[in-house]
Amino acid sequence: MIVMKTKERKKILFLLCRYLALVLFGLGNLWLVSIIVTPLTIWTVFVFLKIFFGKVIFLGESTFLVKNIILNLIPACIGIAGYYFLLILNLATPLDVKKRIASLLFLIFGFFIFNIFRIIVFTNIFLQGYSFFDVAHTFTWYLGSTLFVVVLWFVNVWIFKIKKIPFEEVWRKCGENA
């Protein structure tokens, strides 16, 4: 029989809770992440579209009419997978609670600001009728957003002086039991 100290039990319980949160946030096509992030993104984009382009009509769900052009923000535009990936990195990294919360807030707000900026810039490019819109949009969608998530994570590591790596606790525990 293995006897664990109270501190060790709390650490394991906290680890299990973090990983359970990751599973719960990932269920149902990231449904929980989506219901939190989607309305915030849509309404923030709506406000900025009104500021930069004047008359904007909200047509429902995630669709806007701007300068007689219909714009629809699909889940990929919202960046739901990016938020989830940053959440995975944060919750899978051994951190104390205060540092975890500060780090998570930095990651979420940093990605949110980047994403709003990206949507507004690409809306402007689209409304200007630039012929390279599809290429620029596709490039940014596949490579730019991924690079931004990676850079944001490393900036987060630097700012919060994170010395541990994601999933380190699990690897260490698996190694001890081997």
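Here, every reference points to the structure presented above.
Here the structure is a predicted model, which means the values were calculated and not measured.

Here we have three strands laid out as an open sheet, ordered 1-2-3, and antiparallel in their pairing. A single partner strand is all that each edge strand has here, and the edge strands are strand 1 (56-60) and strand 3 (69-72). With strand direction ignored, the average angle separating the axes of adjacent strands in the sheet is 25°. Pairing of strand 2 (residues 63-66) with strand 3, which is carried by four bridges, proceeds in the antiparallel orientation. Within the sheet, the bridge partner assigned to Val-66 lies in strand 3 and is Ile-69.

A positive phi is found at Glu-61, a non-glycine position, where the angle reads about 50°. In this fold, Glu-61 is placed in the loop between strand 1 and strand 2. For Glu-61, a relative accessible area of 73% gives the class exposed.

Here the focus is the packing of helix 3 (residues 80-91) against helix 5 (residues 133-159). As a packed pair, helix 3 and helix 5 sit with axes 11 Å apart at the nearest point and diverge in direction by 30°. On the basis of their axis angle, the class for helix 3 and helix 5 is roughly parallel. In this structure, the crossing between helix 3 and helix 5 has a hand that is right-handed. Across the interface between the two elements, Gly-82, Phe-85, Leu-86, Leu-89 and Asn-90 from helix 3 touch Val-149, Leu-152 and Trp-153 from helix 5. A class-by-class count of the residues in the contact of helix 3 with helix 5 yields six nonpolar, two polar and no charged.

This next bit is on a nonpolar patch on the surface. Together, Val-97, Ile-101, Leu-105, Phe-109 and Ile-113 make up a nonpolar patch on the protein surface, roughly 500 Å² of accessible area in all. With respect to the secondary-structure elements, Leu-105 resides in helix 4 (residues 97-128). Looking at Leu-105, the relative accessible area reads 44%, which means it is partly exposed.

An ideal rise of 1.5 Å per residue puts 16 Å on twelve residues; helix 3 measures up with 16 Å between its terminal C-alpha atoms. Across the twelve residues of helix 3, ten count as buried, placing the element largely inside the fold. Residues of helix 3 that are buried: Ile-80, Gly-82, Tyr-83, Tyr-84, Leu-86, Leu-87, Ile-88, Leu-89, Asn-90 and Leu-91.

Time to look at the pairing of strand 1. Both strand 1 and strand 2 contribute to a ladder of four bridges, which runs antiparallel. Following the sheet pairing, Val-56 is matched in strand 2 by Val-66.

Another aspect to go through is the packing of aromatic side chains. Inspection of the entire model under this criterion finds eleven aromatic pairs. Between Tyr-83 and Phe-111, the ring centres sit 4.7 Å apart and the planes meet at 85°, which makes this aromatic pair edge-to-face. Linking Tyr-83 in helix 3 with Phe-111 in helix 4, this pair joins segments that are 28 residues apart in sequence. We note that Tyr-83, like Phe-111, is buried. Seen in terms of ring centroids, Phe-114 and Phe-148 are 3.8 Å apart; in terms of plane orientation they differ by 10°. Their pairing is stacked. On the criterion of sequence distance, the pair formed by Phe-114 in helix 4 and Phe-148 in helix 5 is long-range, its members being 34 residues apart. When its relative accessible area of 22% is taken as the criterion, Phe-148 is described as partly exposed.

Rules used throughout
Residues numbered from 1 in each chain as written. Predicted model: local features only at pLDDT ≥ 70, side-chain atom pairs only at ≥ 80, totals over all residues. Heavy atoms only, no water. Pairing = 2+ DSSP bridges. Helix = DSSP H or I, 4+ residues; strand = E, 2+ residues; numbered from the N terminus. Axes fitted to C-alpha atoms, helices over the stretch in contact; angles between N-to-C directions. Buried < 20%, exposed > 50% of the residue type's maximum accessible area, 1.4 Å probe, protein only. Parallel < 35°, antiparallel > 145°, perpendicular 65-115°, else oblique. Left-handed = near helix turned anticlockwise from the far one by under 90°. Contact = heavy atoms within 4.5 Å. Nonpolar A, V, L, I, M, F, W, Y, C, P; charged D, E, K, R; others polar. Patch = residues over 30% accessible without salt bridge, like charges linked within 9 Å, V, L, I, M, F, W, Y side chains within 5 Å. Areas by Shrake-Rupley, 256 points an atom, 1.4 Å probe, with all protein chains shown as cover. Salt bridge = Lys/Arg side-chain N within 4 Å of Asp/Glu carboxyl O. Expected span 1.5 Å × (residues − 1). Phe/Tyr/Trp six-rings, centres within 6.5 Å; stacked < 30°, edge-to-face > 60°.

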